Amino acid sequence: MINQLNQLEQQALSTIPNIEIESSLIEYKNTLLGKSGELTVILKWLKDLSGEDRGIVGKRANEIRDSLTLAFENQKDSIKRSVIESRMSNEKEDVTIPFSQNSGNIHPITKVQQEIEDTFRRMGFDIFESMQMTTEYLNFDAVNIPKTHPARDMQDTFWLEGNGNVLATQTSCMQNLIMKHEKLPIRAIIPGRVFRNEDVDATHDNTFYQVEGIVIDKNIGMGHLKFTIKTMLSDVFGKEVSIRMRPGYFPFVEPGVEIDFSCPFCDGNGCKICKGSGWIEFMGAGLIHPNVLKEGWLDPEVYSWFAFGFGLNRLVMIKYGIPDLRYFMNPDIRFLKQF
Ligand code: PHE
């Protein structure tokens, strides 16, 4: 009987390492160790043996059950390992394959915004992000637009329920916070999303992007403003443009100006894009109004400053010749793919 057991063990131990499929391994295990498996049957016969033999054979049979169980476990692990190994060697990722054409690209607004941020970073500006929801105080009162001022209507505000919250109508809503909380001198641009309750058409949308600029230091004047804007626009269009200033009205600047730039498409000679004038009307700017500085805890006698703000959508439209503002919010992939 011991011989029979030893033979069974030997055969099993030499068979098990050659089984490479997990289901076959389980099947084979059942034929030996299962309910009516060979070893199980032998163990059942034990009771018919005499006391002494039963001890010897029983001990050996248990040893064999343990050694086979271990061999089955080891083989199961090795099958699992080899499955993983073969998958790893077959399923190689080729990192040199070019990205699919359908992988998407950066929205033109984001792209131009990033270019503008680079230019300003080079000039030593910090970059802050504007708030989309703000307070009536920051959006209006803090920038010298009192309660009764018609400019509040001019900006077609979305009023939020509750007390005094609005969707930002202008990135100028960040001026006061920056004055109060940043260390002087301040040189910052603040790009952000703004909202106005407008009827949507090719040149008006209720949601668009602005970039605010604010510089507060000693001995800052219009020349700095002009140089800053000229540098930014020349970078955006990849060629030198000229700047022209006209008087303009914004409650938070005094003097206030409207800035135009020479048409980069005809170099100021007059074309369809600049409607023959050679100039493109672009943005508002000026020296910050003393009331705004006082409201931001700064002394207008000590510091000089300028601020500007422009619509990023409009700049991107001019740069790429996009005819309709509504494309920007439209998820049409054919539009987005062009940039
Ligand atoms: N906030 C103004 C607007 O939305 C733009 C502006 C900013 C003008 C800063 C002057 C100075 O129209």
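Anything mentioned here points back to the structure above.
The text that follows walks through the structure, step by step, so that each part is easy to find. (Residues numbered from 1 in each chain as written. Predicted model: local features only at pLDDT ≥ 70, side-chain atom pairs only at ≥ 80, totals over all residues. Heavy atoms only, no water.)

## A short note on helix H4 (residues 51–90)
Here is step 1 of the chain: Over its 40 residues, H4 extends 58 Å from the first C-alpha to the last, a length consistent with the 58 Å expected when each residue adds 1.5 Å.
Here is step 2 of the chain: Regarding H4, the residues found buried are Val-57, Gly-58, Ala-61, Ile-64, Leu-68, Ala-71, Phe-72, Gln-75 and Ile-79.
Here is step 3 of the chain: The inward-facing, buried residues of H4 abut helix H1 (2–15), helix H2 (22–33) and helix H3 (38–45). (Helix = DSSP H or I, 4+ residues; strand = E, 2+ residues; numbered from the N terminus. Expected span 1.5 Å × (residues − 1). Buried < 20%, exposed > 50% of the residue type's maximum accessible area, 1.4 Å probe, protein only. Contact = heavy atoms within 4.5 Å.)

## Some remarks on the nonpolar core
It is characteristic of soluble globular proteins that their nonpolar side chains tend to be buried jointly.
Here is step 1 of the chain: Counting 64 residues, the largest nonpolar core has Ile-116, Leu-233, Phe-308 and Phe-310 as its most contacted members.
Here is step 2 of the chain: In contact with Ile-116, other than residues within four places in its own chain, are Ile-189, Met-232, Val-236, Phe-310, Leu-312 and Leu-315.
Here is step 3 of the chain: Counting residues in each nonpolar core, the second largest holds 18 residues, with Leu-8, Tyr-28, Leu-46 and Ala-71 among its members. (Core = buried A, V, L, I, M, F, W, Y, C linked by side-chain atoms within 4.5 Å.)

## Regarding the sheet that holds strand E6 (residues 243–247)
Sheet strands pair via backbone hydrogen bonds, and the direction of the pair is either parallel or antiparallel.
Here is step 1 of the chain: Here we have seven strands laid out as an open sheet, ordered E1-E4-E5-E9-E8-E7-E6, and mixed in their pairing. With one partner strand each, in any of the chains shown, strand E1 (126–127) and E6 form the two edges of the open sheet.
Here is step 2 of the chain: Pairing of strand E5 (residues 207–217) with strand E9 (residues 304–311), which is carried by eight bridges, proceeds in the antiparallel orientation. Pairing of Val-211 across the sheet is with Phe-310, part of E9.
Here is step 3 of the chain: Across the sheet, helix H11 (residues 312–320) touches E5, strand E7 (253–262), strand E8 (279–288) and E9, and the angle it forms with E9 is around 60°. (Pairing = 2+ DSSP bridges. Axes fitted to C-alpha atoms, helices over the stretch in contact; angles between N-to-C directions.)

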